[in-house]
Amino acid sequence: MLSASYEFTHALCRLPSKSLIDGLRAVDIGQPDYDKFINDHHGYVEVLKETGAEVIVLDGLEEFPDSVFIEDAALCLPKLAVVMRPGAPTRLGEAEAIKPTLEKLYSNVKQINGSGFIEGGDILVTEKEILVGLSERTDKSGVEELASIVIPFGYKVRIVQTPEGVLHFKTDCSLLDENTILTTQKLADSGCFEDYNILYVAQGEEACANTIRFNNYVIMPSGFPKTYEKLVANGYEVKTIGNTEAAKLDGGMSCLSLRFTPV
Ligand code: CIR
């Protein structure tokens, strides 16, 4: 029996488009280098394949500079996929663009189509619940519509708060196993992980809180040695991926894939 929250047979990625240099960013720390981004993305896909997963890599979408961050356009659950409604106006169209692919992979695809907004980066699926962080991109009405879709399938939804100044809820946390969360102190201090074991990212390495647990690996950005050592010391098998270019657009490990087992 696969763990519903970190064991998957498939991943869906989207190649970086050349337009990514126009991608959204909170602070301009320089243009991402397209060739280096492609190289890092290739490394990411190869590590996902090493976990035993089938990785489907879609073409980049030039009309959507942020479309490489495919996670924000959909939520893939064990029983259904839900097409999101991104709160960033330039990303809204990414949702429609991913729908036909999901419909080929899943027998049950629903869609957020009310007036609310919700992005996949604000959603952390654990073994027992779906945590959704309200943020600049995700509002109450978007979460309520998601809840109305998934509760009938037996899922629990808990609304939490993405900290001020943090793009997405998962920018500051990730699932490591059934009951363990890697998090920044800032996010954990909000009290949202009281029912979980917590592992803190090392001080000064907050930018690596967004990792993914995918089958046997924890996949994290390279350049965060103290957190790497901490994860290894806690028994995790850790793989590192270059992420400097995606980081210039506020992107991390989870944003670059949708992870799932088709039903
Ligand atoms: C954005 O601002 O939407 C993109 N530049 C970065 C999205 C990162 N996605 C994520 O954290 N799930």
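Residues numbered from 1 in each chain as written. Predicted model: local features only at pLDDT ≥ 70, side-chain atom pairs only at ≥ 80, totals over all residues. Heavy atoms only, no water.

Any details on empty space enclosed by the protein? Residues and values, ideally.
Applying the stated criterion across every chain, the model contains 3 cavities of 30 Å³ or more. There is about 310 Å³ of room inside the largest cavity. If you trace the largest cavity, you find 22 residues lining it, with Ser-5, Phe-8, Val-125, Lys-170 and Arg-259 closest to the centre. Those elements that place two or more of their residues in the lining of the largest cavity are strand E3 (74-76), strand E6 (123-125), strand E9 (173-177), strand E12 (212-214) and strand E15 (258-260). Taken together, the residues that form the lining of the largest cavity break down as 13 nonpolar, 5 polar and 4 charged. (1 Å grid on protein atoms, 1.4 Å probe; cavity = no way out; pocket = protein on both sides within 12 Å on 5 of 7 lines; lining within 4 Å. Points joined across faces, edges and corners; volume = space filled by probe spheres on them. Helix = DSSP H or I, 4+ residues; strand = E, 2+ residues; numbered from the N terminus. Nonpolar A, V, L, I, M, F, W, Y, C, P; charged D, E, K, R; others polar.)

Pulling in residues and values, what's your account of the pattern of salt bridges?
One pass over the structure, following the stated rule, counts 12 salt bridges. Linking Arg-25 and Asp-28 is a salt bridge whose minimum nitrogen-to-oxygen distance equals 3.7 Å. By sharing partners, the salt bridges in this structure join Glu-71, Lys-170 and Arg-259 into a single network. (Salt bridge = Lys/Arg side-chain N within 4 Å of Asp/Glu carboxyl O.)

Could you give an account of the nonpolar core, naming the residues involved and the relevant values?
Counting 23 residues, the largest nonpolar core has Phe-37, Tyr-44, Leu-48, Phe-69, Phe-214 and Ile-219 as the members making the most contacts within it. Not counting chain neighbours up to four residues away, the residues in contact with Phe-37 comprise Pro-16, Leu-20, Pro-32, Val-68, Phe-69, Glu-245, Ala-246, Leu-249 and Leu-256. Counting 16 residues, the second largest nonpolar core, distinct from the first, contains Leu-75, Met-84, Ile-123 and Ile-149. (Core = buried A, V, L, I, M, F, W, Y, C linked by side-chain atoms within 4.5 Å. Buried < 20%, exposed > 50% of the residue type's maximum accessible area, 1.4 Å probe, protein only. Contact = heavy atoms within 4.5 Å.)

If you had to explain helix H3 (residues 140-150) to someone new, which residues and values would you point to?
Where H3 is concerned, the buried positions are Gly-142, Val-143, Glu-145, Leu-146, Ala-147, Ile-149 and Val-150. The inward-facing, buried residues of H3 contact E3, strand E4 (81-83), strand E5 (109-111), E6, strand E7 (130-134) and strand E8 (157-161).

Just give me the short version of the state of the cysteines, but keep the residues and values in it.
Within this structure, the stated rule accounts for 0 disulfides. Just so you know, Cys-76 is unpaired, no disulfide at all, and the nearest cysteine sulfur is the one on Cys-13, 11 Å from it. (Disulfide = S-S within 2.5 Å.)

I'd like a description of the sheet that holds E12, backed by residues and values.
Hydrogen bonds along the backbone pair up the strands of a sheet, which may run parallel or antiparallel. Taken in spatial order, the 3 strands make up an open sheet running E12-E13-E14, and their pairing is mixed. With one partner strand each, in any of the chains shown, E12 and strand E14 (237-241) form the two edges of the open sheet. Taking the axes of each pair of neighbouring strands and ignoring which way they run, one obtains an average angle of 30° across the sheet. Bridge analysis of E12 against strand E13 (residues 217-221) gives 3 bridges, and the strand direction is antiparallel. Counted as the bridge partner of Phe-214 is Tyr-217 from E13. Lying on the sheet, helix H1 (residues 34-50) is in contact with E12, E13 and E14; it crosses E14 at an angle near 160°. (Pairing = 2+ DSSP bridges. Axes fitted to C-alpha atoms, helices over the stretch in contact; angles between N-to-C directions.)

Provide a residue-level description of the layout of surface pockets, including the pertinent values.
The computed volume of the largest pocket comes to approximately 880 Å³. Looking at the largest pocket, it is lined by 41 residues, and the ones nearest its centre are Val-166, Leu-167, Thr-171, Asp-250 and Gly-251. Looking at the lining of the largest pocket residue by residue, the classes come out as 13 nonpolar, 16 polar and 12 charged.

Tell me about the packing of aromatic side chains, and please be specific about residues and values.
What the rule picks out here adds up to 5 aromatic pairs. Pairing Phe-169 with Phe-193 gives two aromatic rings, centres 6.0 Å apart and planes at 50°, and the pair type is tilted. On the criterion of sequence distance, the pair formed by Phe-169 in the loop between E8 and E9 and Phe-193 in the loop between helix H4 (185-188) and strand E11 (197-200) is long-range, its members being 24 residues apart. Residue Phe-169 shares its accessibility class with Phe-193, and that shared class is buried. Each ring, one from Phe-193 and one from Tyr-196, has its centre 6.3 Å from the other, and the planes form 90°; the classification is edge-to-face. Exposure remark for Tyr-196: the relative accessible area of 6% places this residue in the buried category. Joined through ring pairs, the aromatic side chains of Phe-169, Phe-193 and Tyr-196 make up one cluster. A cation sits over an aromatic face here: Lys-128 above Tyr-196, 4.2 Å from the ring centre. (Phe/Tyr/Trp six-rings, centres within 6.5 Å; stacked < 30°, edge-to-face > 60°. Lys NZ or Arg CZ within 6 Å of the ring centre and 35° of its normal.)

Let's hear about the sheet that holds strand E10 (residues 180-183): which residues, and what values?
Overall, mixed pairing links the 3 strands, which are arranged E9-E10-E11 in an open sheet. Each edge of the open sheet is held by one strand with a lone partner, namely E9 and E11. The sheet shows a mean angle of 30° between the axes of neighbouring strands, direction not considered.

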